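Structural description and commentary
Here is how the chains run, residue by residue.
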Amino acid sequence: MKYKSQKVAYWFFALSMLLVSLQIIYGFIMGFAHMGFDNLHELIPFNTARAVHTNLLVVWLLSGFMGAAYYIIPEEAEEELVSVKLAYVQLISLAIVGVIAVVGYHFNYWEGRKFLEIPRPLDWLVVVNVLTFLGIILATLFKGKKRTTTAMVLTMGLVFAALLYLPGMIWFDNQTMDSFFRWWVVHLWVEGVWELIMGGILSFLLIKITGVDREVIEKWLYVIVGLTFISGILGTGHHYYYIGAGKTWLLVGGIFSALEPLAFLGMALFAVAMYRKGEKKHPNKIALNWTLGTAIVSFVGAGLLGLAHTLPQVNMYTHGTLVTAMHGHLAFWGAYAMINLAIISYTLPNLTGRKLYDSNRGALAFWLSNIGMLGMTVAFGVAGVAQVYMERIMGVEFGEVQKEIQVHFFILICCATMFTTGIILYIAEFVKYGTPSDEALVAAA
Amino acid sequence: MLSKSQAKTFFLGGTVVTFAVFLGLSWNTLSKEVPKRTHEENLTPQVVRGKKIWEANNCMGCHTILGEGAYYAPELTKVYERRGEGYIKAALMSPVPWSPRGRKMVAYNMPEQDAADVVAFLKWIGETDLNGFPAKHKYNTTPNTK
């Protein structure tokens, strides 16, 4: 680490580790409920578990992105963060908002809008929090000596993510309008501006790990984020096929969302090509695994599995079934969970000054979590496809179908156990590194 | 070979053009398509009250509506047509968890007025023109009236 203020990143990553653990627990509650073991129903009904599971995901990913920005921006801008104190205040307030939201979900304090369950009064706290964060980042960039493409793309992603949160806060009487703007947040986040954040972090990691010339890496970064927006913005149309928004979207959404995998393919080719081109052999192999892994798994999960049900003719049958859960799990894991784990793995030795690169535990964490998640994706896929054929094509009643597919949730839970073992090992590694120290600063200098 | 500034132009130009098209299409959808397809004239205060109850209880946390939500409980866009008012009210007003085939719903024990509001909301949404969703079954092995 080159700048003292980068240390604040560690605590954002630590919050992410805590929240991901909780997220997994609620995932198990839902997996068991799908299998027929809903013993916790009175205490934590499915809709509570579901809201907690998805919202914790969003918060831990955002916390990771914020940590990544607090690490990357000083290094890219060659300037200390303008206020470390304010960054800590922002961290604590983020944790508090998260806790209030999650506890609230257990007491019917929420809004039943998928992914945006945080009640509107709390939304305002989120806004203040994010504005504080952006203020620190933008002021640092402004004061800094350099404004690199990597830093600008990352910052642009973060600023747009904040702006796009706003349409989700407007109240509509009409469910179709409500849904229309909800996707401005959800879709334009995950298939738009979050890819900018991912691209920025990926570019930073590739520059550091492969040693390839910055100009080459950043040129391709522009191409990739260009492809992301060209396909992703109009690709929003795939959410508008069947919600009462008209026929135009069948065509526009169909064509542009079929192009969406190109951005992820670009990302995968880019990462692999830069790795092969690089002459520098960085000792942090674990970070390299996660960096190449995120580029490849996001192409499979977000790109290919998204394509599998994005055409209107297919989506007519798969819309609102477990097929979506199949795509959702590998997409979020590959693109956004793994990029966070990549930047954490890269920064930990630099923040703490302890170079525990080649531990078997780190490698095992990578493989177990990835194979486990792949297995879960297959289990969701089998259950989802079976559901589509039985319920949507044959006309078998919903509840009958759910009984038939219960067995696939047993496999899901087995794979989820493997996945969880990987994550536990990752967190064990995180804990073993210890907290950041100023000695690490001297070591880097 | 592509230069960095050309790549930048591709990114910025592509973004501006597609976003402009997206805004244009959205304006058309919101001003012309949605009011007609959702029969906005039928959006009564009772329907809006129903939507509020729907959201306050996070029904989307188990069910889907317009195909959106969670996959633990049935799609409800056409539930009014499929089950009728009596069945829906019974499920909402039940003091014990409604549990067809063993899968439990939260026992809402709803006052009749609230249940009637939710029914109004579901009736309204069932009349929306959804481009043919949900698809008609190709076969009909079990009737959907159980």
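Model, not experiment: these values are computed from the prediction.

Here we come to the overall build of chain B. For chain B, the helix and strand inventory stands at 4 helices and 2 strands. Reading chain B from its N terminus to its C terminus gives the helix and strand order α-α-β-β-α-α. Here the C-alpha atoms of chain B give a radius of gyration of 21 Å, more than 25% beyond the 15 Å that 2.2 N^0.38 yields for 146 residues. Summarising its shape, the C-alpha atoms of chain B cover approximately 70 × 35 × 30 Å along the three principal directions. In chain B, which comprises 146 residues, the proportion classed as buried is 48%. Taking all contacts inside chain B whose residues are at least 6 apart in sequence as the whole, residues at least 24 apart take part in 52%. Accessible surface computed for chain B: about 7,000 Å², of which carbon and sulfur atoms make up 62%. Here chain B holds 19 positive side-chain charges and 13 negative ones, and the gap between their average locations is 8 Å.

Segmentation of chain B into domains returns domain 1 (1–37) and domain 2 (41–146). Centre-to-centre separation of domain 1 of chain B and domain 2 of chain B, based on C-alpha positions: 36 Å.

This next bit is on the packing of aromatic side chains. Taken as a whole, this structure holds 37 aromatic pairs over all chains when the rule is applied. An angle of 20° between the planes, with centres 6.0 Å apart, marks the rings of F229(A) and F11(B) as stacked. Placement of the pair is F229(A) in helix α7 (residues 214–235) and F11(B) in helix α1 (residues 4–37), with the two residues belonging to separate chains. Among the aromatic residues, those joined into a cluster by ring pairs are F172(A), F180(A), F181(A), W184(A), Y240(A), W249(A), F19(B) and F22(B). Here the basic side chain of R83(B) rests over the ring of Y87(B), its NZ or CZ set 4.7 Å away from the ring centre.

Turning our eyes to something else, we now look at unusual backbone geometry. Here the bond from F133(B) into P134(B) is cis, since omega is -10°, no more than 30 degrees from zero. Residue position: P134(B) is located in the segment after α4 (112–126). Phi angles above zero are rare outside glycine, and N108(A) is one such case at about 60°. Within the secondary structure, N108(A) is located in the loop between α3 (84–105) and α4 (120–143).

Cut-offs applied
Within each chain, residues carry numbers counting from 1 in the order of the written sequence. Chain letters and ligand numbers both follow the written order, the letters beginning at A and the numbers at 1. The model is predicted, so local features are restricted to residues of pLDDT at least 70 and side-chain atom pairs to those at 80 or more, both for listing and for counting; the totals for chains, interfaces and linings are taken over all residues. Think of the side-chain values as coming from all heavy atoms in the structure, minus any hydrogens and water. The numbering of helices and of strands both runs from the N terminus, where a helix is a DSSP run of H or I of at least 4 residues and a strand a run of E of at least 2. Computation of the radius of gyration draws on C-alpha atoms, with the globule rule given as 2.2 Å multiplied by the number of residues to the power 0.38. Any residue under 20% of the maximum accessible area for its type is buried, any over 50% is exposed, and the rest in between are partly exposed; the area is computed with a 1.4 Å probe on protein chains only. Whether two residues are in contact is decided by their heavy atoms, any of which lying within 4.5 Å being enough. Exposure was quantified through the Shrake-Rupley algorithm and a 1.4 Å probe, taking into account, for residues, occlusion by the shown protein chains and nothing else. The positive count covers Lys and Arg only, the negative count covers Asp and Glu only, and His and the chain ends enter neither. Charge positions come from single atoms, namely NZ of Lys, CZ of Arg, CG of Asp or CD of Glu. Here the limits of each domain have been adopted from an automatic or database domain assignment. Geometry of aromatic contacts follows a simple scheme: Phe, Tyr and Trp rings, the Trp one being its six-membered ring, pair when their centres are within 6.5 Å, and the pair is stacked under 30 degrees between planes, edge-to-face over 60, tilted otherwise. Only Lys NZ and Arg CZ are tested; either one counts as a charge over a ring when it is within 6 Å of the ring centre and within 35 degrees of the ring normal.

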